[in-house]
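# Survey of secondary and tertiary structure
One-letter residues, chain by chain:
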Amino acid sequence: MEQTWVDELREFIAIPSVSADPAHQDDVRRAAEWVRDFVKRAGGEAELVRMGERDLVIGDIPANANGAKAPTVMIYGHFDVQPPAPLELWESPPFELAERDGWYYARGIADDKGQLFTLLKAAQLLREQNALPVNIRVVSDGEEEIGGHSVVDFLEADERGADVCIIFDGGMTRAEQPEFGLATRGLVAFHLKVKTGERDMHSGYYGGAALNAIHVLMQGLSAVTARDGLLPDQLRIGRTALSQLEVDSLKSLPNGWEILDEAGATPLDGKAAEDFYDRTWAEPSLDVNGIRGGKPEFVNTTLIVAAEARFTIRLAPGQDPETIAAGVEKLIRGAVPDSAEVELIRENSAAPGVFSADSPAIQLGMEAFKRATGVKPLLVRVGGTLPIYPALAAKGIPTIGTGFALRESNVHSPNERLRVEDIDRAVAAASELYRSLAALG
Ligand SMILES: [Zn+2]
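Just so it is clear, the model here is predicted, and its values are computed rather than measured.

The rules behind each value
- Residues numbered from 1 in each chain as written.
- Predicted model: local features only at pLDDT ≥ 70, side-chain atom pairs only at ≥ 80, totals over all residues.
- Heavy atoms only, no water.
- Pairing = 2+ DSSP bridges.
- Helix = DSSP H or I, 4+ residues; strand = E, 2+ residues; numbered from the N terminus.
- Axes fitted to C-alpha atoms, helices over the stretch in contact; angles between N-to-C directions.
- Salt bridge = Lys/Arg side-chain N within 4 Å of Asp/Glu carboxyl O.
- Buried < 20%, exposed > 50% of the residue type's maximum accessible area, 1.4 Å probe, protein only.
- Parallel < 35°, antiparallel > 145°, perpendicular 65-115°, else oblique.
- Left-handed = near helix turned anticlockwise from the far one by under 90°.
- Contact = heavy atoms within 4.5 Å.
- Nonpolar A, V, L, I, M, F, W, Y, C, P; charged D, E, K, R; others polar.
- Expected span 1.5 Å × (residues − 1).
- Donors = N, O, S within 2.8 Å, 3.2 Å for Na, K, Ca; no water.
- Tetrahedral: all angles 85-135°; square planar, octahedral: opposite > 155°, others 65-115°.
- Arc of directions from axis to C-beta.
- Core = buried A, V, L, I, M, F, W, Y, C linked by side-chain atoms within 4.5 Å.

A few words now on the sheet that holds strand β11 (residues 285-293). Read across the open sheet, the 4 strands follow the order β11-β13-β9-β14; overall the sheet is antiparallel. Looking at which strands have only one partner, the edges of the open sheet turn out to be β11 and β14 (341-350). Within this sheet the neighbouring strands show an average axis-to-axis angle of 15°, counted without direction. Bridging between strand β9 (residues 186-195) and β14 involves 8 bridges; their strand directions are antiparallel. Counted as the bridge partner of Leu-192 is Leu-344 from β14.

What follows is the structure, encoded as structure tokens:
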């Protein structure tokens, strides 16, 4: 990497743009200004756009020729980072770019400032060489790490759109084997509260005759959790099976036994390892995230009259949050006694996102990546939830979601790192994408 790039990257990394910490609010803004100024230096225009409590950077780097007729490529990345704690586990200060053994170390180098930098750098270089064949639209936010909504709100209100969007905020399961994420799971969160009386009772006087709230909670939760590895049919409505291209990708990925074993996980059932990718990419899943009731810390004989749980469902690509939420309500109501006071509160939700592998943008992108990195990307899904995916899908903007972080990149952990060579590789891949996507015009 050229020295000027390293200096620029070092400067960007040095801004501690920790969105979760109010003490760093000004730093998040400084990081936004840094992105804005970079776009301007690259020959574009950009401004901070206030959405809710934070700023987005919205900008344009125009094509060198063809003006409005050149296709528009939106690029997205986030300039906020996770808190660096625990600091004592870092081998070098988190906000100082350090190079050791072929890796760059710093908070945000992989997630996502380093990767966002490569998308911007590639656009700047092509523009300088008078060879930028597409209009670049920069959309960048500073609240990705705290689940912010500003970029989704922006996209929903935006009428200009783009022919394609590129996101470098992900990674590769195996080094040297790039992946395009074609789908994400959605999320619906619930709070279940049960009340069966005014005060806890003596189980010797009332046990066997009075309703225990913890039992009701258990009945409700049992009605929606997986049996034989799968959720009840009502909660599986709408899911889209893996495409043949996605199934083909599985041969090049670590198998489910390996992944579960590495995490020290106990398989959910006998088929969980074998069906790992089906389960995490093409099926919804439900996890109870916490339950409260009674006094498990003491020996006691109380009949408990209040209990609560929080649970979340990861929605499979293709599923609709409303339909699944209605299914949850029905299953729980059908399983608990009418006499209990049962409140089911729906909390946040996000739709799943799916893009078609057949779209010309994805196909051009795969060829471009192959030319730049020597390897054709695998088409994969993401088991997690990224609200920008459904927002882009809803606007009909095909999206190339990829990146260069590795499993050893320590994303969200101390000593976050990215291979030095991958900065150059990412810039080369982004340039090749911009050149190839000109064919969308
Ligand atoms: Zn990220």
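Moving on, we come to the pattern of salt bridges. Summed over all chains, the structure comprises 32 salt bridges. Taking the shortest distance from any N to any O, the salt bridge between Glu-421 and Arg-425 comes out at 3.1 Å. Placement of both Glu-421 and Arg-425 in helix α13 (residues 420-437) is noted, with a separation of 4 residues, approximately one turn of the helix. Since its relative accessible area comes to 39%, Glu-421 is described here as partly exposed. Overall, Arg-425 belongs to the partly exposed group, its relative accessible area being 22%. Linking Asp-422 and Arg-425 is a salt bridge whose minimum nitrogen-to-oxygen distance equals 2.5 Å. Residue Asp-422 and its partner Arg-425 are located together in helix α13, separated by 3 residues, close to a single helical turn.

With respect to the element layout, Leu-211 can be found in the loop between α5 (203-206) and α6 (213-224). Residues Leu-211 and Gly-52, spaced 159 residues apart in sequence, show a C-alpha to C-alpha distance of 45 Å.

A few words on the packing of helix α1 (residues 3-13) against helix α3 (residues 113-128). For the pair α1 and α3, the least separation of the axes is 11 Å and the interaxial angle reads 140°. Accordingly, the angle class assigned to the pair α1 and α3 is oblique. In terms of crossing hand, the pair formed by α1 and α3 is right-handed. Here α1 contributes Trp-5, Glu-8, Leu-9, Phe-12 and Ile-13 to the contact with α3, which in turn contributes Lys-113, Gly-114, Leu-116, Phe-117, Lys-121, Gln-124 and Leu-125. Residues that form the contact of α1 with α3 fall into these classes: 7 nonpolar, 2 polar and 3 charged.

Moving on, we get to helix α11 (residues 360-373). End to end, α11 covers 20 Å across 14 residues, agreeing with the expected 20 Å (1.5 Å per residue, within 8%). Of the positions making up α11, those classed as buried are Ala-361, Ile-362, Leu-364, Gly-365, Met-366, Ala-368, Phe-369 and Thr-373. In this structure, the buried side of α11 is in contact with β7 (164-168), β8 (179-184), β16 (378-382), β17 (399-402) and α13. Backbone geometry just after α11 places Gly-374 at a positive phi near 85°.

A word on unusual backbone geometry. Cis geometry is found at the peptide bond from Ala-85 to Pro-86, where omega equals 0°. The phi torsion at His-412 lies on the positive side, around 65°, for a residue other than glycine. What makes His-412 partly exposed here is its relative accessible area of 41%. Unusually for a residue other than glycine, Asn-415 sits at a positive phi of about 60°.

Let us look at the coordination of the zinc ion. Here the zinc ion is held by His-78 (NE2), Asp-111 (OD), Asp-169 (OD) and Asp-169 (OD), and the distances to it run 1.9 to 2.6 Å. Taken together, the 4 donor atoms coordinating the zinc ion and their angles of 53 to 145° define a geometry best described as irregular. The sequence pattern describing where the donors of the zinc ion fall on their chain is H-x32-D-x57-D. Residue His-78 is found in strand β3 (residues 72-78), and its partner Asp-111 is found in the loop between β5 (103-105) and α3; the two are separated by 33 residues along the sequence.

Among all positions in α1, only Trp-5, Val-6, Glu-8, Leu-9, Phe-12 and Ile-13 are buried. Along the axis of α1, the buried residues cluster in a sector spanning 165°; they form a single face. Looking at the buried residues of α1, the elements they touch are α2 (25-41), β5, α3 and α13.

One finds Ile-136 and Tyr-434 to be the most contacted residues of the largest nonpolar core, which totals 87 residues. In terms of residues, this core owes the most to one element, α13, which gives 9 residues. With 27 residues, the next largest nonpolar core counts Ala-213, Leu-231, Ala-340 and Val-342 among its residues.

Taking strand neighbours across the sheet as the criterion, the 3 strands line up as β4-β5-β18 in an open arrangement whose pairing is antiparallel. Strands at the two margins of the open sheet, each flanked by one partner only, are β4 (98-100) and β18 (417-419). Ignoring strand direction, the axes of neighbouring strands in this sheet form an average angle of 30°. Strand direction decides the pairing type here: β5 and β18, joined by 3 bridges, are antiparallel. Each residue of the ladder has a partner; that of Tyr-105, found in β18, is Arg-417. Its contacts with the sheet place α13 against β4, β5 and β18, and it is angled at close to 70° to β18.

A few words now on the environment of Leu-89. Its place among the elements puts Leu-89 in the loop between β3 and β4. A sequence separation of 289 residues divides Leu-89 from Leu-378, and the C-alpha atoms of the two residues are 34 Å apart. Not counting residues within four places of it along the chain, the set of residues in contact with Leu-89 comprises Pro-414 and Asn-415.

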